[in-house]
Amino acid sequence: MSSGGLELPPGDPGHEGETGDIPPGAVSLARPMEIGAELDWGTDAWSEVRTRAQRAGRAYIWLNLVEQRLRAVVAAVLRPIYDPVHGEEWVVAAAGPAGQEWVQRAVAVREVSRRKGYLLDPADDNVLSFLTLPQLRELMVQHWPCFQPYFDDRRDVELALDELEVARNVVSRNRALNEAVLAQAERASSRLLEILGGGSGVPSSARLRVDAVEDLVGDRYADVVSVHPDRVRLQRQIPAEDLFGGARRVDAIGIGLNLLVQNFSGRRLIRLAESGCRIRLVFLNPASSAVKRRERELGLKKNELSRSVEMNILHMRRVRSRLRDPGAFEIHVFDETPRFTAYLVDGDGPDGLAVVQSYLRRARGMEAPVFVLRGGGREVVRSGQDTEHGLFQTYREEFESVWTDSRPVS
């Protein structure tokens, strides 16, 4: 007899699928052999679950950052108004009659968390820490006149929160999150953090937005912020205009420096230099034996690469000749074996970015993998080890070394 008062059928010693004599009122139970489901996950199932977890993890990080920032903004604006009169109950008072239901639910969850020891940080022992993103939004909307002096447009805040709501519902219910919704959530979160004054604080994010995952675990990868299989994919994410536009310093070293010379017009370079940007370019000497070796590696015709490099140098000389201050635009050549191409933008300041490619024996520069590094003096701290500088500083020092040993082009 079951706990619900129903009689379970006796086990069937006979053949599979035979029901036998089942008493009236008995409930038929499916045997394991009748379920027909494979309990083991195959490769495809594991791959799908990992993809879901990765996407949900990224969305969760963004949503958590937004919620923490919105909670801090709400506390900074409303607490000075309600706390003098209501003390610790200022959140309940701010919610008012319209929010009594959800604020009392938050109070109840807080008490349960206290009783069961879930509050590990004393800073979270307050009602505000138990409000969800929609409830924080409701407090903001109810008291918009208090928030209005700090924000330009209420509609921008609400639209960003609306975009986040889809991802928040998916993540909170552990449902599948597709790439389009994840991208929308990341864009909305980034925009909302900027509106709320909680941006990355990294100056170079104007060129390359700081990803939430990079902000949290970036030190695991030194200062590498992205890796691209080739330069085509790099330029889809960071066009030359975004990389070099508005720079105050550009240092570049390589064979022909095509990323700069062929993708950033001479007119734009002139305007950049006239605006105060200092530019230093180091090309491989087109008359050197290293160029001939590189031509053989790539299977090019004789002098094909040297002519290409020479044309790039001549183009840069023409740009330099049109400047009022040619000293702001320096061109050098070096005769050593080329090991990498590097473009360092604002490498002497806190907002530096670098694009670095190593040379492969059988691949042109356009086809080689690309690393994007973020500068700014970031140091890598390893557990139990000394502090180390990132890769950005390594390539910057290498550039300075080659620049010292190279020869100027008149």
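Each value, and the rule that gives it
- Residues numbered from 1 in each chain as written.
- Predicted model: local features only at pLDDT ≥ 70, side-chain atom pairs only at ≥ 80, totals over all residues.
- Heavy atoms only, no water.
- Helix = DSSP H or I, 4+ residues; strand = E, 2+ residues; numbered from the N terminus.
- Buried < 20%, exposed > 50% of the residue type's maximum accessible area, 1.4 Å probe, protein only.
- Areas by Shrake-Rupley, 256 points an atom, 1.4 Å probe, with all protein chains shown as cover.
- Lys, Arg positive; Asp, Glu negative; His and termini not counted.
- Salt bridge = Lys/Arg side-chain N within 4 Å of Asp/Glu carboxyl O.
- Polar contact = N/O pair within 3.5 Å; in protein donor to acceptor, adjacent residues only side chain to side chain.
- Contact = heavy atoms within 4.5 Å.
- Patch = residues over 30% accessible without salt bridge, like charges linked within 9 Å, V, L, I, M, F, W, Y side chains within 5 Å.
- Phe/Tyr/Trp six-rings, centres within 6.5 Å; stacked < 30°, edge-to-face > 60°.
- Lys NZ or Arg CZ within 6 Å of the ring centre and 35° of its normal.
- Charge placed at Lys NZ, Arg CZ, Asp CG, Glu CD.
- Pairing = 2+ DSSP bridges.
- Core = buried A, V, L, I, M, F, W, Y, C linked by side-chain atoms within 4.5 Å.

A.B. asks: It is not clear to me how the overall build of the protein should be interpreted in this structure. Could you clarify?
C.D. replies: From N to C terminus, the protein includes 16 helices and 10 strands. Across the 410 residues that make up the protein, the buried fraction comes to 39%. On the protein, roughly 23,500 Å² of surface is accessible, and the fraction owed to carbon and sulfur atoms is 50%.

A.B. asks: Please clarify how the side chain of R231 should be interpreted in this entry.
C.D. replies: Within the element layout of this structure, R231 appears in helix 10 (residues 231-237). Notably, R231 is buried but unbridged: the nearest opposite-charge side chain belongs to D230, and the N-O separation is 8.4 Å. A polar contact of 3.4 Å, which involves the side chain of R231, links it to the backbone oxygen of G365. Not counting residues within four places of it along the chain, the set of residues in contact with R231 comprises N258, L259, Q357, G365, M366, A368 and V370.

A.B. asks: What is the right way to read a nonpolar patch on the surface from this model?
C.D. replies: A cluster of nonpolar side chains, namely W41, W46 and V49, defines an oily patch on the protein surface of about 310 Å² accessible area. Counting through the fold element by element, W41 comes out in the loop between helix 1 (32-35) and helix 2 (43-86). Classification of W41 by relative accessible area gives partly exposed; the value is 49%.

A.B. asks: What am I meant to see in the pattern of salt bridges here?
C.D. replies: Two side chains bearing opposite charge may form a pair once their charged atoms approach each other closely. This model, assessed by the stated rule, comprises 27 salt bridges. Across the pair R71 and E67 runs a salt bridge whose closest N-O atoms are separated by 2.7 Å. Of this pair, R71 and E67 both sit in helix 2, separated by four residues, roughly a single helical turn. By relative accessible area, E67 is classed as partly exposed at 23%. Between D351 and R248 there is a salt bridge; the shortest N-O distance is 3.1 Å. Linking D351 in the loop between strand 5 (340-345) and strand 6 (353-358) with R248 in the loop between helix 11 (240-244) and strand 2 (249-253), this pair joins segments that are 103 residues apart in sequence. Counted as one network, the salt bridges with shared partners bring together R110, E111, R114 and D125.

A.B. asks: What exactly am I supposed to notice about the packing of aromatic side chains here?
C.D. replies: The way to describe two aromatic rings as a pair is by their centre distance and the angle between their planes. Enumeration over the complete set of coordinates arrives at six aromatic pairs. Between F244 and F264 the ring centres are 5.8 Å apart and the planes differ by 65°, which places this aromatic pair in the edge-to-face class. Separated by 20 residues along the polypeptide, F244 in helix 11 and F264 in the loop between helix 12 (258-261) and helix 13 (266-274) bring together distant segments of the chain. Looking at F264, the relative accessible area reads 2%, which means it is buried. An aromatic cluster is defined as three or more aromatic residues linked by ring pairs; in this entry it consists of F244, F264 and Y343. Lying over the aromatic face of W403, R280 brings its terminal NZ or CZ to 5.1 Å of the ring centre.

A.B. asks: Hey, could you run me through a positive patch on the surface in this one?
C.D. replies: Taken together, the side chains of K292, R293, R296 and K302 make up a positively charged region of the molecular surface. Take K292: it is sitting in helix 14 (residues 289-298).

A.B. asks: Which parts of the structure should I look at to understand the sheet that holds strand 6?
C.D. replies: Pairing between the strands of a sheet comes from backbone hydrogen bonds, and it takes one of two forms, parallel or antiparallel. One open sheet holds the eight strands; their spatial order is 1-7-6-5-2-3-4-10, and the pairing between them is mixed. At either end of the open sheet lies a strand with only one pairing partner, and these are strand 1 (224-228) and strand 10 (407-408). Sheet topology places strand 4 (residues 329-334) next to strand 10; two bridges connect them, and they run antiparallel. Looking at the pairing, V333 lines up with R407 of strand 10.

A.B. asks: Which parts of the structure should I look at to understand the nonpolar core?
C.D. replies: Side chains that are nonpolar tend, in soluble globular proteins, to be buried together. With 55 residues, the main nonpolar core has F244, L281, F283 and M316 as its most contacted residues. Beyond its immediate sequence surroundings of up to four residues, F244 is in contact with V250, L259, L260, F264, L272, Y343 and V345. Grouped together as the second largest cluster of nonpolar side chains are 44 residues, L164, L177, A188 and L192 included.

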